[in-house]
Amino acid sequence: MNASSLAHRASSRFPLFTPQRITAALAPLASAVAPLSSHAAGLPTMEDPSRGTGSGIMQTLQNYGYDIVLLVALLVVASMFIGVCYHAYTRYAEIHTGRATWGQFGLTVAVGAILLVVGIWLLTKATGVL
């Protein structure tokens, strides 16, 4: 037996192009060619940015960028709030173990509230620059 007859035997036992393989290979192509409206059925439409669509694509992208910066600023303020709450909670727990006093807890809450107000004010001024 030579090499070509072995290759012929192997290909007849394991055919390369079966109907199942052809269907599996063409299924993604068929879904890509299908109309896009069938893929987006039931999905909401994309909203315009808060500053409007603008007069061109660049201005629209800048307006979306502005919305992204506002979202990041909101996340920064939320993380500040969580940090202040966590610190106040740990100070409250220290009161019950005897390592802190109520005055220290009140000072922690007051300074945290002032930091939150200053942080919100600074981020509001910073987004006004955009």
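Residues numbered from 1 in each chain as written. Predicted model: local features only at pLDDT ≥ 70, side-chain atom pairs only at ≥ 80, totals over all residues. Heavy atoms only, no water.

This part takes up the overall build of the chain. Looking only at helices and strands, one finds 5 helices and 0 strands in the chain. Taking all 130 residues of the chain together, 13% fall into the buried category. Put simply, of all contacts in the chain between residues at least 6 apart along the chain, 35% involve residues at least 24 apart. Summed over its atoms, the accessible surface of the chain is roughly 10,300 Å², and 71% of this surface lies on carbon and sulfur atoms. (Helix = DSSP H or I, 4+ residues; strand = E, 2+ residues; numbered from the N terminus. Buried < 20%, exposed > 50% of the residue type's maximum accessible area, 1.4 Å probe, protein only. Contact = heavy atoms within 4.5 Å. Areas by Shrake-Rupley, 256 points an atom, 1.4 Å probe, with all protein chains shown as cover.)

With that settled, the discussion passes to the packing of helix 4 (residues 57-97) against helix 5 (residues 102-129). Viewed as axis vectors pointing N to C, helix 4 and helix 5 meet at an angle of 175 degrees, and their least axial separation amounts to 9 Å. The angle between helix 4 and helix 5 places the two elements in the roughly antiparallel class. (Axes fitted to C-alpha atoms, helices over the stretch in contact; angles between N-to-C directions. Parallel < 35°, antiparallel > 145°, perpendicular 65-115°, else oblique.)

Turning next to the environment of Ala110. Relative to the helices and strands, Ala110 is located in helix 5. Between the alpha carbons of Ala110 and Ala88 there is a distance of 9.8 Å; along the sequence they are 22 residues apart.

This part is about the packing of aromatic side chains. The geometry of an aromatic ring pair is captured by two quantities: the separation of the ring centres and the angle between the planes. In total, this model carries 3 aromatic pairs according to the counting rule given. Here Trp102 and Phe105 contribute two aromatic rings whose centre-to-centre distance is 5.8 Å and whose plane-to-plane angle is 90 degrees, an arrangement assigned as edge-to-face. Placement of the pair is Trp102 and Phe105 together in helix 5, with a separation of 3 residues, close to one helical turn. Joined through ring pairs, the aromatic side chains of Tyr92, Trp102 and Phe105 make up one cluster. (Phe/Tyr/Trp six-rings, centres within 6.5 Å; stacked < 30°, edge-to-face > 60°.)

Turning our attention to the pattern of salt bridges. Any two side chains of opposite charge can pair, on the condition that their charged atoms come close. Within this structure, the stated rule accounts for 1 salt bridge. Note that Arg91 and Glu94 form a salt bridge whose closest N and O atoms lie 3.8 Å from each other. Placement of both Arg91 and Glu94 in helix 4 is noted, with a separation of 3 residues, approximately one turn of the helix. Residue Glu94 is classed as partly exposed on the basis of its relative accessible area, which comes to 24%. (Salt bridge = Lys/Arg side-chain N within 4 Å of Asp/Glu carboxyl O.)

Over its 28 residues, helix 5 extends 41 Å from the first C-alpha to the last, a length consistent with the 40 Å expected when each residue adds 1.5 Å. Those residues of helix 5 that fall on the buried side of the exposure criterion are Phe105, Thr108, Gly112, Leu116, Gly119 and Thr127. Where helix 5 is buried, its residues touch helix 4. (Expected span 1.5 Å × (residues − 1).)

The subject of this paragraph is helix 4. Look at helix 4: 60 Å from first C-alpha to last across 41 residues, which is about the 60 Å you get at 1.5 Å a residue. Those residues of helix 4 that fall on the buried side of the exposure criterion are Thr60, Asn63, Tyr66, Ala73, Val77, Ala88, Arg91 and Ile95. Where helix 4 is buried, its residues touch helix 5. The positive-phi residue at the C-terminal boundary of helix 4 is Gly98, with phi of around 90 degrees.

Note that Thr108 resides in helix 5. Under the relative-accessibility criterion, Thr108 is labelled buried at 12%. When residues no more than four places from it in sequence are discounted, the contact partners of Thr108 are His87, Ala88 and Arg91.

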